[in-house]
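Examining the three-dimensional arrangement
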Amino acid sequence: MNFIALLLVLPAVAIAQHLVLIGGNLKDDNVGIWTAMVDKAGGPGVADIGVIVASSTGNAEGIKAADNFVQKYGAKSASIVSLTTADVSSQEVANRVQSFTGIFFADDSMESNTIDILRPSGVDTLVLQAIKNVMTNGGMVAGNSAIMGDSVAILGGDSMNALVLGTKFEKAFPGNPSPLVYSKTGGLGFLKHYVLDSHFSERGREMRLIRTTLDSKDLPVIGTSKGLGVDENTALLISNPLSKPIGKVITDAVSVSGVFIVDVSTVPVESGPKATYDQIPFSFFTVNDTIDLTTEEVIYANWKIPIAGEEWFEDAIPSADIFSSEQPSQWRQTNRRLIDCKQVNVTCTSIASAFPVVQVFFDRLQAVGFGADIPNDPAKTYVASFQNMLASIKPIES
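Computed from a predicted model, the values in this text were never measured in an experiment.

The strand order β6-β8-β7 describes an open sheet built from three strands, whose pairing is mixed. Each having just a single partner strand, β6 (153-156) and β7 (167-168) make up the two edges of the open sheet. Bridge count between β7 and strand β8 (residues 180-183): two bridges; the pairing is parallel. Bridged to K168 within β8 is V181. Contacting β6, β7 and β8, helix α8 (residues 206-216) runs over the sheet at an angle of about 50° to β8.

Here is the structure:
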């Protein structure tokens, strides 16, 4: 058998793809995330990263990121690619983009218009297809998690507006209350079957993700019952996002942040300020946990141990402002304490002058928790992960 014939009978070798969902506010000294991006783009001395900027406000971020990749984390090179609506249809620009081994979206806000420029009306431009080819061919693509999915993309609004006012497909007029707004044509399309969000725990975005997923789950093609939110200065490194996505949580060296996952497939859809939401299952995973995003099977970090029977606290501490955007991470902190205490539930409320007060009941009876002190941390910071916590939400009658 000659060499050419031998090649024809050998099985095809799958090329791994790499997607990095970043929760926003990525710090320059977050070694874990920056190193992972360089490694998945070819490694130090090899990685050639295109830094995508799609707005004038992103130029400073782009320049800083490019310098970080090369000067601090050893990439061979990093180049700014500034895009306008004219550039995204250019074959020359597409060819340049496809030559990179990694792509980093520098813009860190929904006001960047990245989706509008690269995927207007839900159709991939030539340059977006080139970026997807980078990933398909074994490269790395990274950016703010909120814009990276193929399901609806959240454009604005907070948890209380989402809860009481519901969702809309267009932005509110100036001066009017801002309901939760999302795009029915979806995000950039790098990960399927999840509504994505960023700046998550820090801005109290749990209910806005739940409500968006509820309202959009029956949309044709891009509707899904699953939502995923990534905390600030945190990332979910996903291998093979196009076939069998497996995500690993990466944080700063010492951090209690993580990734939130919810499934509303069993939750009835309601609307209006009197709506009640019963037994919403959600999970939260912390540093070094690995999640199969297809089966939802989890491999906890090998240094974490089961919490059941080893709970540290006698009881949980309810939050008086569970959806707060003023006091960060109320939902995360409440449930971290709940999974590590000897009682099985806790009731929290919201504070709102313009909206009815809402009661949130958390139940850990069916939850599984793993936790431990972070290794090599002199302060012995404790992190907790859990799966299948339940939340029920209802207004309190005045």
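Here we come to the packing of aromatic side chains. Geometry of an aromatic ring pair is reported as the spacing of the ring centres plus the angle between the planes. Counted by the stated rule, this structure contains 16 aromatic pairs. Judged by centre distance (4.2 Å) and plane angle (10°), the ring pair of Y300 and F370 falls under stacked. You can see Y300 sitting in the loop between β16 (298-299) and β17 (305-306) and its partner F370 sitting in strand β20 (residues 368-373), a full 70 residues away along the chain. Both residues of the pair, Y300 and F370, count as buried. Put simply, the rings of F200, F260, F282, F284, F323, W331, F362 and F386 pair up and form one aromatic cluster.

Right, let's talk about unusual backbone geometry for a bit. Its identity as a non-glycine residue notwithstanding, V221 has a phi of 70°, on the positive side. Secondary-structure assignment places V221 in the loop between α8 and β10 (226-230).

Another aspect to go through is the nonpolar core. In terms of nonpolar packing, the biggest core is built from 44 residues, with L21, F105, I131, M148, F190 and L228 touching the most fellow members. Those elements that provide at least two residues to this core are β1 (18-22), α4 (91-98), β4 (102-105), α5 (114-118), α6 (126-136), β10, β11 (235-239) and β13 (259-263). Once residues within four sequence positions are removed from consideration, I131 is found in contact with I52, V97, I103, F105, L118, V141 and F190. In this structure, V164, L214, I322 and C341 belong to the second largest nonpolar core, which totals 43 residues.

What follows concerns the pattern of salt bridges. Within this structure, the stated rule accounts for 16 salt bridges. Salt-bridge contacts for K304 lead to D289; the nearest nitrogen and oxygen are separated by 2.9 Å. Of this pair, K304 sits in the loop between β16 and β17 while D289 sits in the loop between β14 (277-285) and β15 (290-292), and the two are 15 residues apart along the sequence. Judged by relative accessible area, D289 falls into the buried class, the value being 0%. Residues R336 and D340 are paired through a salt bridge, measuring 3.4 Å at the closest nitrogen-oxygen approach. With relative accessibility at 3%, the residue D340 sits in the buried group. Connected via shared salt-bridge partners are R119, D124 and K132.

We now examine α6. Those residues of α6 that fall on the buried side of the exposure criterion are V127, L128, A130, I131, K132, V134 and M135. Tucked into the core, α6 has its buried residues touching β1, β2 (48-53), α4, β4, α5 and β5 (140-144). At the exit of α6 stands G138, carrying a positive phi of roughly 100°.

Moving on, we get to the environment of M160. With respect to the secondary-structure elements, M160 resides in helix α7 (residues 159-165). Here the alpha-carbon distance between M160 and R208, two residues 48 residues apart in the chain, equals 7.6 Å.

This paragraph deals with the pairing of strand β12 (residues 246-250). Note on strand geometry: in a regular strand, side chains alternate between the two faces of the sheet. Sheet topology places β11 next to β12; five bridges connect them, and they run antiparallel. Among the inter-strand pairings, L237 is bridged to a residue of β12, identified as K248. Note that β12 and β15 share three bridges and pair antiparallel. The residue of β15 that forms the bridge with I246 is D292.

What counts and what doesn't
- Residues numbered from 1 in each chain as written.
- Predicted model: local features only at pLDDT ≥ 70, side-chain atom pairs only at ≥ 80, totals over all residues.
- Heavy atoms only, no water.
- Pairing = 2+ DSSP bridges.
- Helix = DSSP H or I, 4+ residues; strand = E, 2+ residues; numbered from the N terminus.
- Contact = heavy atoms within 4.5 Å.
- Axes fitted to C-alpha atoms, helices over the stretch in contact; angles between N-to-C directions.
- Phe/Tyr/Trp six-rings, centres within 6.5 Å; stacked < 30°, edge-to-face > 60°.
- Buried < 20%, exposed > 50% of the residue type's maximum accessible area, 1.4 Å probe, protein only.
- Core = buried A, V, L, I, M, F, W, Y, C linked by side-chain atoms within 4.5 Å.
- Salt bridge = Lys/Arg side-chain N within 4 Å of Asp/Glu carboxyl O.

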